[in-house]
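Spelled out from the first residue to the last, the chains are:
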Amino acid sequence: MSHSSSNAAPAGKLTPIEKYYRLHARIYDATRWTFLFGRTAILADIAIRQKPVRILEVGCGTGKNLVSLGRRFPQAAITGLDLAEPMLEVARRKTAHMGSRVGLLHRSYNAPVGDLAGYDLVLFSYALSMFNPGFETAIQAAAADLAPGGCIAVVDFHATRFALFERWMGVNHVRMNAQLRPCLQAHFMPMLDRVDHAYGGVWQYLTFIGRKRAN
Ligand SMILES: C[S@@+](CC[C@H](N)C(=O)[O-])C[C@H]1O[C@@H](n2cnc3c(N)ncnc32)[C@H](O)[C@@H]1O
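Residues numbered from 1 in each chain as written. Predicted model: local features only at pLDDT ≥ 70, side-chain atom pairs only at ≥ 80, totals over all residues. Heavy atoms only, no water.

### A short note on the pattern of salt bridges
A side chain with one charge can pair with a side chain of the opposite charge if their charged atoms come near.
No. 1: In this structure the tally under the stated criterion is six salt bridges.
No. 2: The salt bridge partner of D29 is K94, with a shortest N-O separation of 2.7 Å. Separated by 65 residues along the polypeptide, D29 in helix α2 (residues 28–31) and K94 in helix α5 (residues 85–94) bring together distant segments of the chain.
No. 3: The residue R92 makes a salt bridge to E85 at a minimum N-O spacing of 3.0 Å.
No. 4: Here E85 falls in the partly exposed class, since its relative accessible area comes to 24%.
No. 5: Among the charged side chains, a salt-bridge network with shared partners connects D45, R194 and D196. (Salt bridge = Lys/Arg side-chain N within 4 Å of Asp/Glu carboxyl O. Helix = DSSP H or I, 4+ residues; strand = E, 2+ residues; numbered from the N terminus. Buried < 20%, exposed > 50% of the residue type's maximum accessible area, 1.4 Å probe, protein only.)

Following this line, the structure appears as structure tokens:
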């Protein structure tokens, strides 16, 4: 499975996030490990609850999680979706050794992928906080993309009490005023719902795993 489709910005018009990642794709992996906490832990938290065989990572970026998911769930077919082509370019190189187990989709997650089989797991790792506007739509899309009994897993910025830091994160397209948790709780039955402190409380980050609610 190796595919690429696009419904990002109209030709020639990049969204602000695509422009941002034209530069940041080059320094992403070297810098983000210093502050995107909980990405390894959430994969372990998923593994003790579920053995997914069809996985979608929304906002897969440079593909760090795609590689880790591949190792942790050797039976799984994995799709990575992202709006920013420069990030997918890195992900493509990083996952080349995984062959047809990994597919990459270039598009915005403003509607479900709509794969008929549905996914057992939809992962958002530091992606949803960049969906502004649109995080509610993305959470609903994930619910639609999940097969019955499937799970959503989210690790992301939650909140900060420092207004200056919140503004700085806004400059970097990240919203962190506790907007994600209530929406996740409304659409999914929480199996893990935890808020941790980073750097002694400068900010908090959220780890959420939830099962799709029966309609
Ligand atoms: C902070 S990076 C996280 C990358 C990766 N998940 C990780 O944990 O390292 C956020 C990613 O979400 C993508 N993204 C932001 N808004 C998106 C949207 N509406 N649809 C799809 N991807 C989006 C960005 O292009 C970026 O690659």
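Back to the write-up after that little detour.
### Section: the site of the ligand
No. 1: Among the 22 residues in the neighbourhood of the ligand, the closest are listed as Y28, R39, G59, D82 and S125.
No. 2: The side chain of Y28 places a nitrogen or oxygen atom 2.7 Å from an oxygen atom of the ligand.
No. 3: Contact between the ligand and E57: a nitrogen atom at 2.8 Å from a side-chain N or O atom of the residue.
No. 4: Taking a 2 Å distance to the grid points as the criterion, the majority of the atoms of the ligand fall inside the largest pocket. (Near = heavy atom within 4 Å. Polar contact = N/O pair within 3.5 Å; in protein donor to acceptor, adjacent residues only side chain to side chain. 1 Å grid on protein atoms, 1.4 Å probe; cavity = no way out; pocket = protein on both sides within 12 Å on 5 of 7 lines; lining within 4 Å. Sits in = over half its atoms within 2 Å of the grid points.)

### Quick word on the confidence of the model for the protein
No. 1: Summary statistics for the protein give a mean pLDDT of 94 and a share of 94% for residues scoring 70 or more.
No. 2: For residues 1–7, every residue scores under 50 in pLDDT, and the model assigns this stretch 25 contacts once sequence neighbours within four places are set aside. (pLDDT = per-residue confidence, 0-100. Contact = heavy atoms within 4.5 Å.)

### Quick word on the packing of helix α3 (residues 39–47) against helix α4 (residues 64–72)
No. 1: With their axes 11 Å apart at the nearest point, α3 and α4 run at an angle of 30° to one another. Regarding α3 and α4, the two cross each other, and that crossing is right-handed. Only K64, N65, S68, L69 and R72 of α4 make contact with α3, whose side of the interface consists of R39, T40, L43, A44 and A47.
No. 2: Residue classes in the contact of α3 with α4 are distributed as four nonpolar, three polar and three charged. (Axes fitted to C-alpha atoms, helices over the stretch in contact; angles between N-to-C directions. Left-handed = near helix turned anticlockwise from the far one by under 90°. Nonpolar A, V, L, I, M, F, W, Y, C, P; charged D, E, K, R; others polar.)

### Section: helix α6 (residues 135–145)
No. 1: Residues of α6 that are buried: F135, A138, I139, A141, A142, A143 and D145.
No. 2: Of the surrounding secondary structure, the elements contacted by the buried residues of α6 are β1 (54–58), β4 (119–125), β5 (146–159), α8 (180–187), β6 (188–198) and β7 (203–212).

### A few points about unusual backbone geometry
No. 1: Each neighbour pair has its own omega, and for N132 with P133 the value is 5°, a cis peptide bond.
No. 2: One non-glycine residue with positive phi stands out, namely A178, at about 60°.
No. 3: Considering the arrangement of structural elements, one finds A178 in the loop between α7 (163–171) and α8.
No. 4: Residue A178 is classed as partly exposed on the basis of its relative accessible area, which comes to 28%.
No. 5: Even without a glycine there, the phi angle at Y199 is positive, about 45°.

### Considerations on the packing of α6 against α8
No. 1: The N-to-C vectors of α6 and α8 enclose an angle of 30°; their axes lie 10 Å apart at closest approach. Considering the angle they form, α6 stands roughly parallel to α8. With respect to the hand of their crossing, α6 and α8 are arranged in right-handed fashion. Between α6, through F135, E136, I139 and Q140, and α8, the contact on the second element is made entirely by L180, C183, L184 and H187.
No. 2: Tallied by class, the residues present in the contact of α6 with α8 amount to five nonpolar, two polar and one charged. (Parallel < 35°, antiparallel > 145°, perpendicular 65-115°, else oblique.)

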